[in-house]
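Geometric and topological summary
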Amino acid sequence: MSQHDQRGGAESEPRREEASADREPVARTESRLLPAEVFSILGNDTRVDILRALLELGADDAPVRFTDLFERVDIDDSANFNYHLRRLTGHFIKQRDEGYEFRHPGRKVVSAIFTGTLTERAQVGFFPVDGTCYDCGGYLHGWYVDDELSIGCVDCGTIQVSYPFPSGGLDDRTTDDLLQAFHHYVRHHYCLAADGVCPECTGSVDTTLVRDPADEALDVAVDHVCERCGYALQSTVGVTLLDDPNVLLFHSERDVDLNAEHFWHFDWCVSDTHTDVLDDDPLRVRVTVDCDGDELRVVLDDTLTVVETTVVEHHTR
């Protein structure tokens, strides 16, 4: 988005020229609650009941009137109710002439509490997963424990992918539906981080290509760290290419929809067996993406910028 002077007239022209120059980001934070204050505000049954009532009364679609909210919450004293409502208003909910509705932090709290993210623990035993192990070619299975969904090899135990996944995502889903949701969820997070946006808080993400990472299974990896909340994510180099137009087109021309096909089906995504280090200083790598017998060779520099792509066709179409 761009900002511009809205006053119009000839006097605004110089300001437009200034606006086109590089500028430091402008802080937009109007107010901030300390973490302890957030827990203090939410650590009250009446306030949690107010948030639940807003959800049940459809605050996502239209503001909820004070009287309707008061009648829904189990409290007799209107002055006491009004006190708790004011404690939530401003940061978690907002007041309009028509009534009350969620602000984004309030909606996040509702999602976390009432969908089970913070209140439930779930576990799913081994179930079969389509695909084969990149390391030994064995069959795959999945499991869910400690809020993480993992997919690994039945034979050699190699983990293809393991990633936190909210337990609410298990509700009313078959294992096939669960895997599809997991694919989109994790893919979205990886792609957001690669684009410089924190999947947790939308802050700026610093992305670096690293040699000999902490993950012993990788010789080279990508580190994503949020400058705002400290969220950290490490990935293969290949997984950062899931949204690359060259990679998408390469697969599309071979009738493969990379958005729909589970990313752990591609060895270049879940391992670095198809990633070669071309130079160490500065670091420069090549990812070989294979599909239908052909190869797309993608060269990236140390900033994860694609600098070269080559298609090698091994058979006539």
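Let us look at the structure shown here.

Thresholds applied
Residues numbered from 1 in each chain as written. Predicted model: local features only at pLDDT ≥ 70, side-chain atom pairs only at ≥ 80, totals over all residues. Heavy atoms only, no water. Helix = DSSP H or I, 4+ residues; strand = E, 2+ residues; numbered from the N terminus. Pairing = 2+ DSSP bridges. Axes fitted to C-alpha atoms, helices over the stretch in contact; angles between N-to-C directions. Contact = heavy atoms within 4.5 Å. Salt bridge = Lys/Arg side-chain N within 4 Å of Asp/Glu carboxyl O. Buried < 20%, exposed > 50% of the residue type's maximum accessible area, 1.4 Å probe, protein only. Expected span 1.5 Å × (residues − 1).

**A closer look at the environment of Asp195**
Residue placement: Asp195 occurs in the loop between α7 (175-194) and β7 (205-211). Along the primary structure Asp195 and Thr240 are separated by 45 residues, whereas in three dimensions their C-alpha atoms are 8.9 Å apart.

**Side note on the sheet that holds strand β9 (residues 232-235)**
Judged by pairing direction, the sheet is antiparallel, and its three strands sit side by side in the order β7-β8-β9 without closing on themselves. Each edge of the sheet is formed by a strand with only one pairing partner; in this case those strands are β7 and β9. Ignoring strand direction, the axes of neighbouring strands in this sheet form an average angle of 20°. Two elements, strand β8 (residues 220-226) and β9, share four bridges in a ladder whose sense is antiparallel. Following the sheet pairing, Val225 is matched in β9 by Ala232. Most of the contacts of α7 go to β9, to which it runs at about 100°, and overall it touches β7, β8 and β9.

**Observations regarding the pattern of salt bridges**
Tallying each qualifying case throughout the model produces twelve salt bridges. Note that Asp243 is salt-bridged to Arg187, the shortest N-O span being 3.3 Å. On the criterion of sequence distance, the pair formed by Asp243 in the loop between β9 and α8 (245-252) and Arg187 in helix α7 is long-range, its members being 56 residues apart. With relative accessibility at 8%, the residue Arg187 sits in the buried group.

**Some thoughts on the sheet that holds strand β13 (residues 306-312)**
Ordered in space as β10-β11-β12-β13, the four strands form an open sheet in which the pairing is antiparallel. Both edges of this open sheet fall to β10 (275-280) and β13, since each of them pairs with a single strand only. Looking at each pair of strands side by side, their axes are set apart by 15° on average, direction ignored. Sheet topology places β10 next to strand β11 (residues 283-291); five bridges connect them, and they run antiparallel. Residue pairing in the sheet places Val277 in a bridge with Val285 of β11.

**Points about unusual backbone geometry**
Trans is the common state for peptide bonds, and a negative phi is the common state for residues other than glycine. With omega at 0°, the peptide bond leading from Asp281 into Pro282 counts as cis. Topologically, Pro282 is positioned in the loop between β10 and β11. The phi torsion at Asp146 lies on the positive side, around 55°, for a residue other than glycine. Mapped onto the secondary structure, Asp146 falls in the loop between β4 (139-145) and β5 (148-153). One non-glycine residue with positive phi stands out, namely Asp172, at about 55°. By the element assignment, Asp172 lies in the loop between β6 (159-164) and α7.

**Quick notes on α7**
Its 20 residues place the ends of α7 28 Å apart at the C-alpha level, agreeing with the 28 Å of an ideal helix rising 1.5 Å per residue. Here α7 has its buried residues at Leu178, Leu179, Ala181, Phe182, His183, Val186, Arg187, His189, Tyr190, Cys191 and Ala193. Looking one or two places after α7, you find Gly196, whose phi comes out positive at around 90°.

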